Amino acid sequence: RIDPVIDFDWGGGSPAADYVDADLFTVRWTGFIEPLVTERYTFYPSTDDGVRLWVDEQLIVDQWVPQGITETSGSIELKQGQRYRIRMEYYEAYGLAAAQLRWSSPRTPKQIVPSSQLYPDDLLAARSGEAAQLFPNPFRDNLGLLLSNH
């Protein structure tokens, strides 16, 4: 599926109840981000549990640990009018589940990264019908399967 923003609070539930348990799952968001102006941006993933964030193929947040809701941050220089690859990986262990991604810069107030600045992967956007994504679960030896409709 294509999410317009990363702003989720699943509580004790599942992001896809028909396919994924409420605990022990992972999510990977991929696509492109385009900054509003040329300057240094700080990204603030807020998650319960672990998170990793790459911007322009650079790992800027690596907090792959079980934790209650925690905001972390990482910064990178970005240029207006240029799209950069972005990837956020998240895992849920037990209990509550939440994942949000905010950003700020000297001229951009801290906010959820708006959908107007996020672009899906071309391959994902071009698919039609049903797609399957396999992803490893950090607590099990098997793989999780998430089916999604586009």
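Remember, predicted model here, so these are calculated numbers, not experimental data.

Parameters and conventions
Residues numbered from 1 in each chain as written. Predicted model: local features only at pLDDT ≥ 70, side-chain atom pairs only at ≥ 80, totals over all residues. Heavy atoms only, no water. Helix = DSSP H or I, 4+ residues; strand = E, 2+ residues; numbered from the N terminus. Buried < 20%, exposed > 50% of the residue type's maximum accessible area, 1.4 Å probe, protein only. Contact = heavy atoms within 4.5 Å. Pairing = 2+ DSSP bridges. Axes fitted to C-alpha atoms, helices over the stretch in contact; angles between N-to-C directions. Polar contact = N/O pair within 3.5 Å; in protein donor to acceptor, adjacent residues only side chain to side chain. Core = buried A, V, L, I, M, F, W, Y, C linked by side-chain atoms within 4.5 Å. pLDDT = per-residue confidence, 0-100.

**Brief notes about the overall build of the protein**
Part 1 of the argument: Along the protein, the regular secondary structure elements total one helix and 13 strands.
Part 2 of the argument: A total of 150 residues make up the protein; the buried ones form 43% of that total.
Part 3 of the argument: Sequence-distant contacts in the protein: of pairs separated by 6 or more residues, those separated by 24 or more amount to 69%.

**Observations regarding the sheet that holds strand β4 (residues 51-55)**
Part 1 of the argument: Strands sit in the order β5-β4-β8-β2-β11 across an open sheet of five strands; the sheet is antiparallel. Across the chains shown, the open sheet's two edge strands, defined by having one partner strand only, are β5 (58-63) and β11 (118-120). Neighbour to neighbour, the strand axes of the sheet diverge by 25 degrees on average, direction disregarded.
Part 2 of the argument: Of the pairings in the sheet, the one linking strand β2 (residues 25-33) to strand β8 (residues 84-92) comprises nine bridges and is antiparallel in character. The residue of β8 that forms the bridge with Phe-25 is Glu-92.

**Describing the environment of Ser-104**
Part 1 of the argument: With respect to the helices and strands, the residue Ser-104 is situated in strand β9 (residues 97-105).
Part 2 of the argument: Classification of Ser-104 by relative accessible area gives buried; the value is 12%.
Part 3 of the argument: C-alpha of Ser-104 to C-alpha of Arg-40: the two residues are 64 residues apart in sequence and 8.6 Å apart in space.
Part 4 of the argument: A polar atom in the side chain of Ser-104 sits 3.1 Å from the side chain of Tyr-44.

**Comments concerning unusual backbone geometry**
Part 1 of the argument: The phi dihedral of Leu-24 falls on the positive side, at around 60 degrees, and the residue is not glycine.
Part 2 of the argument: Here Leu-24 lies in the loop between β1 (7-11) and β2.
Part 3 of the argument: What makes Leu-24 buried here is its relative accessible area of 12%.
Part 4 of the argument: Even without being a glycine, Asp-56 presents a positive backbone phi close to 55 degrees.
Part 5 of the argument: With respect to the element layout, Asp-56 can be found in the loop between β4 and β5.
Part 6 of the argument: Judged by its relative accessible area of 35%, Asp-56 falls in the partly exposed class.

**Side note on the nonpolar core**
Part 1 of the argument: Counting 28 residues, the largest nonpolar core has Trp-29, Phe-43, Leu-53 and Val-55 as the members making the most contacts within it.
Part 2 of the argument: The residues touching Leu-53, leaving out its near neighbours within four places in the chain, are Phe-43, Pro-45, Gln-58, Leu-59, Ile-60, Val-61, Ile-86, Arg-87, Met-88 and Leu-101.

**Details of the confidence of the model for the protein**
Part 1 of the argument: For the protein, mean pLDDT is 85; residues scoring 70 or higher make up 81% of the total.
Part 2 of the argument: Overall, residues 127-134 carries pLDDT values under 50, and its contacts beyond four positions in sequence, including any with other chains, amount to 20 contacts.

**A word on the pairing of β2**
Part 1 of the argument: Judged by how many residues are buried, β2 sits mostly within the fold: seven of nine residues are covered.
Part 2 of the argument: Inspection of the sheet shows β2 paired to β11 by three bridges, in the antiparallel sense. Considered in β11, the bridge of Ile-33 is made with Leu-118.

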